[in-house]
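Examination of the molecular architecture
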Amino acid sequence: MRRHIPFARLHNFRDLGGYRTADGGSVRWATLYRSDSLAKLAGPDARADLERFRELDVTTVIDLRYPWEIAAKGRHPETEPQTWHNLSIEHRPYDQAEIDPDVDPWRYLADRFAEVALDGAAELREALEIIAAAEGPLVFHCASGKDRTGLLAALVLGLLDVPDEEILDDFALTELATERLVADWKAAHPGRVLRWPGYGRAPATVMRLVLADLRAEYGSVRGYATGHVGLDPTAIEALRARLVERV
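The following paragraphs examine the structure supplied in this document. (Residues numbered from 1 in each chain as written. Predicted model: local features only at pLDDT ≥ 70, side-chain atom pairs only at ≥ 80, totals over all residues. Heavy atoms only, no water.)

**A few points about the packing of aromatic side chains**
Per the stated rule, a full pass over the model turns up nine aromatic pairs. Centre to centre, the rings of Tyr 94 and Tyr 108 are 6.2 Å apart; their planes meet at 75 degrees, and the pair counts as edge-to-face. Taken together, the residues Tyr 94 in the loop between β5 (83-86) and α3 (105-119) and Tyr 108 in helix α3 connect sequence positions 14 residues apart. Note on Tyr 108: relative accessible area 26%, which makes it partly exposed. Pairing Trp 185 with Tyr 199 gives two aromatic rings, centres 6.0 Å apart and planes at 55 degrees, and the pair type is tilted. Linking Trp 185 in helix α7 (residues 178-188) with Tyr 199 in the loop between α7 and α8 (204-218), this pair joins segments that are 14 residues apart in sequence. Across the pair, exposure class does not vary: Trp 185 and Tyr 199 are buried alike. Cation over ring: Arg 75 sits above Trp 84, and NZ or CZ is 4.0 Å from the ring centre. (Phe/Tyr/Trp six-rings, centres within 6.5 Å; stacked < 30°, edge-to-face > 60°. Helix = DSSP H or I, 4+ residues; strand = E, 2+ residues; numbered from the N terminus. Buried < 20%, exposed > 50% of the residue type's maximum accessible area, 1.4 Å probe, protein only. Lys NZ or Arg CZ within 6 Å of the ring centre and 35° of its normal.)

**A look at the sheet that holds strand β4 (residues 60-63)**
An order of β1-β3-β6-β4-β5 is seen for the five strands of this open sheet, with the pairing classed as mixed. On the outer flanks of this sheet lie β1 (14-15) and β5, each paired with one strand and no other. (Pairing = 2+ DSSP bridges.)

**Quick word on unusual backbone geometry**
Glycine aside, a negative phi is what most residues show, and trans is what most peptide bonds show. Phi is positive for Ala 30, close to 55 degrees, though the residue is something other than glycine. Mapped onto the secondary structure, Ala 30 falls in the loop between β2 (25-27) and β3 (32-35). Residue classification places Ala 30 among the partly exposed residues on the basis of a relative accessible area of 41%. Of note in this structure, Asp 57 is not a glycine but carries a positive phi near 60 degrees. Mapping Asp 57 onto the fold places it in the loop between α1 (47-54) and β4.

**Considering the pattern of salt bridges**
A full pass over the atoms with the stated rule returns 26 salt bridges. Across the pair Glu 69 and Arg 148 runs a salt bridge, and its minimum N-O distance is 2.7 Å. Taken together, the residues span a long stretch of sequence, with Glu 69 in helix α2 (residues 67-73) and Arg 148 in helix α5 (residues 148-159) at a distance of 79 residues. By relative accessible area, Glu 69 is classed as buried at 13%. Note that Arg 192 and Asp 95 form a salt bridge whose closest N and O atoms lie 2.8 Å from each other. Within this pair, whereas Arg 192 is found in the loop between α7 and α8, its partner Asp 95 is found in the loop between β5 and α3, the two being separated by 97 residues in sequence. A single salt-bridge network, built from bridges that share partners, covers Asp 23, Asp 161, Arg 240 and Arg 246. (Salt bridge = Lys/Arg side-chain N within 4 Å of Asp/Glu carboxyl O.)

**Some thoughts on the nonpolar core**
Grouped together as the largest cluster of nonpolar side chains are 60 residues, with contacts concentrated most on Ile 62, Ile 131, Phe 140, Leu 152 and Met 207. With eight residues, the top contributor of residues to this core is α5. Residue contacts for Leu 152: discarding those within four places in its chain leaves Leu 64, Leu 124, Ala 127, Leu 128, Ile 131 and Phe 140. Counting residues in hydrophobic clusters, the runner-up holds 13 residues, among them Phe 7, Phe 13, Val 61 and Val 139. (Core = buried A, V, L, I, M, F, W, Y, C linked by side-chain atoms within 4.5 Å. Contact = heavy atoms within 4.5 Å.)

**Things to note about the side chain of Asp 49**
Within the fold, Asp 49 resides in helix α1. Buried charge without a partner: Asp 49 forms no salt bridge, and the closest opposite charge is Arg 9, 5.1 Å away. Other than its neighbours up to four places away in sequence, Asp 49 contacts Phe 7, Ala 8, Arg 9, Leu 10 and Leu 41. (Lys, Arg positive; Asp, Glu negative; His and termini not counted.)

**Quick word on the pairing of β3**
Neither face of β3 is open: one carries Leu 32 and Arg 34, the other Tyr 33 and Ser 35, and all of them are buried. Note: β1 against β3, two bridges, orientation antiparallel. Residue pairing for β3: Arg 14 is matched across the bridge by Arg 34. Bridge count between β3 and strand β6 (residues 138-141): four bridges; the pairing is parallel. Counted as the bridge partner of Arg 34 is Phe 140 from β6.

Read these as spatial facts, not as claims about activity.
Below you can see the structure in the form of structure tokens.
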């Protein structure tokens, strides 16, 4: 599948190309990617994956994780030539494995997205500016490539005027990786019980709530980006010039 780039160790590496825009354009293929942690490209057992990654000619990596996550799990291999940015957009850590099974899980996650959208304005602005100005393919990622990555992907697609339903569909594609994400968590935490049965899930309902919340507070995705985030409108035009092609 063109959207899903196959790797052995990466579970959620996807091309954001091909989505249609409201003005009849299409997001360029092989230009912007989203992923789970590229730290999985390090080590002797990741050589095949690293070669596959090199074939994509990525020039820029944005790592959305906390610095302490990078210290614990590593980063994209420093031997590689890509320009690397660490922009930790989430400021209030929480443990998804410990979410109360009795709460409304999708509203709970949407509320966490709202916190990131509120707290991470400076980092999100810088990420959007980097994406707009980058020369060559770029990939952004967090740990699972689901929530922090999902929010940035939704913002980019929203600023490109991709319809909501396609933004929701893109978010929900992480569901194809859920089983492997859960298996990774269990392997990394052999002494713990996974309390929350929705771990690794990414139903479209979550992103529908997130977009509704942004519009209720800021009027639109663009209003959020130019208002609270402080993104210059010229950066939005640069995003469109770089990422949208006429079909």
